[in-house]
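A closer look at the structure
Each chain, letter by letter, is given below.
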Amino acid sequence: MIKKPQKTQFAQSFNRIKNMKNDCSTSKYEISHRKSPRGRGYWAFQKYGESDPKNIFFANGTYTEAKKIALAHFKTDIEVLP
């Protein structure tokens with residue numbers, strides 16, 4: 001039986017990082033509205049942990065559509081604003 005070569009630790013870590021998907025935090029929204037974001041509206045997003053109001057991104061549509069657009073815009077973890 002032929003054994004496949006083991007992947008190095010670096011290659012495993014690199015593949016894990018490469019395949020990670022960005023996420024959207026909803027905690028600020030849920031604290032403010034006492035419910036999870038859903039439905040159609042005019043949504044505001046920013047990079048996770050950032051507080052500069054100049055970097056707020058707005059998207060119109062359902063929450064799911066707006067989140068996809070915002071994730072594509074920022075290409076990093078984001079949060080939905082209240």
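Up top is the structure these notes are about.
Now for a look at the structure at hand. (Residues numbered from 1 in each chain as written. Predicted model: local features only at pLDDT ≥ 70, side-chain atom pairs only at ≥ 80, totals over all residues. Heavy atoms only, no water.)

1. Considering the pairing of strand 2 (residues 40-47)
Our working definition: Paired strands, as defined in this entry, are two strands with at least two bridges between them according to DSSP. We count a stretch as a helix when DSSP gives it H or I for four or more residues in a row; a strand needs E for two or more, and each element gets its number in order from the N terminus.
In this sheet, strand 3 (residues 57-62) lies alongside strand 2 in antiparallel orientation, the contact comprising six bridges. Within strand 3, the position partnered with Tyr42 by the bridge is Asn60. Of the strand pairs in this sheet, strand 2 and strand 4 (residues 78-80) are connected by three bridges, and their pairing is antiparallel. Bridge pairing in strand 4 places Phe45 opposite Val80.

2. With respect to the environment of Ser25
What counts here: Only protein chains enter the area calculation, which uses a 1.4 Å probe; residues under 20% of their type maximum are buried, those over 50% are exposed, and those in between are partly exposed. Note on definitions: a residue-residue contact is assigned when non-hydrogen atoms from the two residues lie within 4.5 Å.
Inspection of the secondary structure assignment puts Ser25 in strand 1 (residues 24-25). Exposure remark for Ser25: the relative accessible area of 18% places this residue in the buried category. Residues Ser25 and Ile78, spaced 53 residues apart in sequence, show a C-alpha to C-alpha distance of 6.3 Å. Beyond its immediate stretch of four places on either side in the chain, Ser25 contacts Tyr48, Ile78, Glu79 and Val80.

3. Some words on the side chain of Glu79
Note the following rule: Under this definition, polar contacts are N or O atom pairs within 3.5 Å; protein pairs additionally need one hydrogen-donor-capable and one acceptor-capable atom, and for neighbouring residues in sequence, both atoms have to be side-chain atoms.
Within the secondary structure layout, Glu79 lies in strand 4. Polar contacts involving the side chain of Glu79 include one to the side chain of Lys28, which spans 3.4 Å. Among the polar contacts listed, one links the side chain of Glu79 to the side chain of Gln46, at a separation of 2.9 Å. The contact partners of Glu79, leaving out residues within four places of it in the chain, are Cys24, Ser25, Lys28, Ala44, Phe45, Gln46, Lys47, Tyr48, Gly49 and Glu50.

4. Quick notes on the pattern of salt bridges
Threshold: Salt bridge, as applied in this entry: a Lys or Arg side-chain nitrogen positioned within 4 Å of an Asp or Glu carboxyl oxygen.
Inspection of the entire model under this criterion finds one salt bridge. Across the salt bridge formed by Lys28 and Glu79, the nearest N and O atoms sit 3.4 Å from each other. Of this pair, Lys28 sits in helix 2 (residues 27-33) while Glu79 is found in strand 4, placing the two residues 51 residues apart along the sequence. A residue is classified by how much of its surface remains accessible, and Lys28, at 40% relative accessible area, is partly exposed. Look at Glu79 and you get buried, because its relative accessible area is 5%.

5. So, the sheet that holds strand 2
Sheet strands pair via backbone hydrogen bonds, and the direction of the pair is either parallel or antiparallel. Spatially, four strands are ordered 1-4-2-3 in an open sheet, and the strand pairing comes out mixed. Among the strands making up the open sheet, the edge pair consists of strand 1 and strand 3.

6. Brief notes about the environment of Asp77
With respect to the helices, strands and loops of the structure, Asp77 is situated in the loop between helix 3 (63-74) and strand 4. Using a relative accessible area of 37% as the deciding quantity, one classes Asp77 as partly exposed.

All quantities given are derived from atomic positions and should not be read as evidence of function.
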